[in-house]
Amino acid sequence: MAIRIELPELQRLIAAGAQVVDALPQPEYRETHIPGAINVPIKSLDADTTAGLDRARAVVVYCHDYL
Amino acid sequence: MPGKADWRAHGLPVEGEHADLPTAGGVARDDVVTCRLDDPVGPIAERVAPSPYGFALVTTADGILLGRLRASVMRDAPAEATAEAIMEPGPTTVRADTLAADLAQRLTERDLKTAIVTTPEGRLIGVVTRTDLEASTA
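Just so you know, these numbers come straight off a predicted model, no measurement behind them.

Enquirer: Teacher, can you tell me more about the overall build of chain B here?
Expert: Helix and strand counts for chain B come out as 7 helices and 7 strands. What you see in chain B, going N to C, is helices and strands ordered as α-α-β-α-β-β-α-α-β-β-α-β-β-α. In summary, chain B has a C-alpha radius of gyration of 16 Å against a globular reference of 14 Å for 138 residues, a match within 12%. Here the C-alpha coordinates of chain B stretch approximately 50 × 35 × 20 Å along the principal axes. Taken across its 138 residues, chain B has 35% of its residues classed as buried. In chain B, once contacts between residues fewer than 6 apart in sequence are set aside, the share between residues at least 24 apart is 60%.

Rendered as structure tokens:
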């Protein structure tokens, strides 16, 4: 289930081992991204591109303006 | 809730090719005169006179930017007029993660000396000057 979270919750989740996905285009990801985030651009988000994610751990997806 | 922009706006670390480049948030100064909507213009003008910016910013009590009061406009207004009555509502702002070099270029192209930096929610971070931006990228 997808929910929106606040910044402090994101920091807590990262500290607890959450997987962070940057959904921005690759050039933007290359410029800057949250430490440890992997890049899966929104337009390529599907079962194949997310197969490497661990379903047993929290996943946080962000773009430029929303977590 | 804002994402990467907000992460950077809060000064949190990032990785990537541009991670060490100066940004508007890193260069912004927090010394601009601020006031509330119902503050009288007279005392605001007195505080703006010695400031380096030539304007005051109107905010809510918790720092959300509402408008700008230019010294030139305050000079022509009655001292008892309120900030709300003569402010420019909703001034243009930039985000903290804007690269200093890009912002300096934009200000130069538009012949502007300053830019107002806010969080994605509109909370005032500070003001950047073109001089400071150019110095940060030198």
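Enquirer: Explain helix α3 (residues 41-48) of chain B to me, please; I cannot follow it from the model alone.
Expert: An α-helix turns once every 3.6 residues. As a result, residues three or four positions apart point the same way. Residues and elements named next belong to chain B. Within the span of α3, buried status applies to Val41, Ile44 and Val48. All buried residues of α3 project into a common sector of 60 degrees when viewed along the axis, lining one side. Looking at α3, the residues exposed on the side facing more than 90 degrees away from the buried face are Pro43, Glu46 and Arg47. On the buried face of α3, the contacting elements are β1 (33-35), β2 (55-59), β3 (65-70), α4 (71-75) and α5 (83-86).

Enquirer: Please clarify how the sheet that holds strand β7 (residues 124-129) of chain B should be interpreted in this entry.
Expert: Strands pair in a sheet through their backbones, by hydrogen bonds, and they do so in one of two ways: parallel or antiparallel. Residue and element names in this part refer to chain B. One open sheet holds the 3 strands; their spatial order is β5-β6-β7, and the pairing between them is mixed. In this open sheet, the two strands that pair with only one neighbour each are β5 (93-95) and β7. Between one strand and the next, the sheet's axes are offset by a mean angle of 40 degrees, whatever the strand orientation. In this structure, β5 lies alongside strand β6 (residues 114-118), joined through 3 bridges in parallel fashion. Paired with Arg95 across the bridge in β6 is Thr118.

Enquirer: Sorry if this is basic, but what is going on with unusual backbone geometry here?
Expert: With glycine set apart, most residues show a phi of negative sign, and most peptide bonds adopt trans. The phi dihedral of Asp111 of chain B is positive, around 55 degrees, even though this residue is not glycine. Along the chain, Asp111 of chain B falls in the loop between α6 (100-109) and β6.

Enquirer: Whenever I open this one, the interface of chain A and chain B confuses me. Can you help?
Expert: Interfaces are frequently sized by the accessible area removed from exposure as the parts join. Contact residues are listed per partner, giving 16 residues for chain A and 16 residues for chain B. In the side of chain A that touches chain B, the residues fall into 8 nonpolar, 3 polar and 5 charged.

Enquirer: Would you mind showing me how to read the pairing of β2 of chain B here?
Expert: Here is the key point about a regular strand: its side chains alternate between the two faces of the sheet. Residue and element names in this part refer to chain B. Burial analysis of β2 places 5 of its 5 residues in the buried class, which makes it a mostly covered element. Every second residue of β2 is oriented toward a common face, with Phe55, Leu57 and Thr59 on one face and Ala56 and Val58 on the other, all of them buried. Sheet analysis places β1 next to β2, joined by 3 bridges and oriented parallel. What sits directly across from Val33, in β2, is Ala56.

Enquirer: Looking at this model, I keep getting lost on the environment of Thr119 of chain B. Mind explaining?
Expert: All names here are of chain B. Structurally, Thr119 is set in the loop between β6 and β7. Residue classification places Thr119 among the buried residues on the basis of 20 C-beta atoms within 10 Å. Separated by 24 residues in sequence, Thr119 and Arg95 have C-alpha atoms that sit 6.1 Å apart.

Enquirer: I'm lost on the confidence of the model for chain B in this one. Help?
Expert: Should pLDDT be low for a region, the predicted coordinates there are not to be read in detail. The share of residues in chain B with pLDDT of 70 or more is 98%, and the mean pLDDT across the chain is 92. Overall fold confidence for the complex sits at a pTM of 0.75, while the interface term, ipTM, reaches 0.85.

Enquirer: I tried to follow the environment of Val61 of chain A on my own but got confused; where do I start?
Expert: Residue and element names in this part refer to chain A. Of note, Val61 is situated in strand β3 (residues 59-62). Using a count of 18 C-beta atoms within 10 Å as the deciding quantity, one classes Val61 as partly exposed. Along the sequence, Val61 and Ser44 sit 17 residues apart, while their C-alpha atoms lie 13 Å from each other. Apart from the residues within four sequence positions on either side, Val61 is in contact with Val21 and Ala23.

Calculation notes
- Residues numbered from 1 in each chain as written.
- Chains lettered and ligands numbered in written order.
- Predicted model: local features only at pLDDT ≥ 70, side-chain atom pairs only at ≥ 80, totals over all residues.
- Helix = DSSP H or I, 4+ residues; strand = E, 2+ residues; numbered from the N terminus.
- Rg over C-alpha atoms; globule rule 2.2 N^0.38 Å.
- Buried ≥ 20, exposed ≤ 12 C-beta atoms within 10 Å, placed from the backbone.
- Contact = placed C-beta atoms within 7 Å.
- Arc of directions from axis to C-beta.
- Pairing = 2+ DSSP bridges.
- Axes fitted to C-alpha atoms, helices over the stretch in contact; angles between N-to-C directions.
- Nonpolar A, V, L, I, M, F, W, Y, C, P; charged D, E, K, R; others polar.
- pLDDT = per-residue confidence, 0-100.

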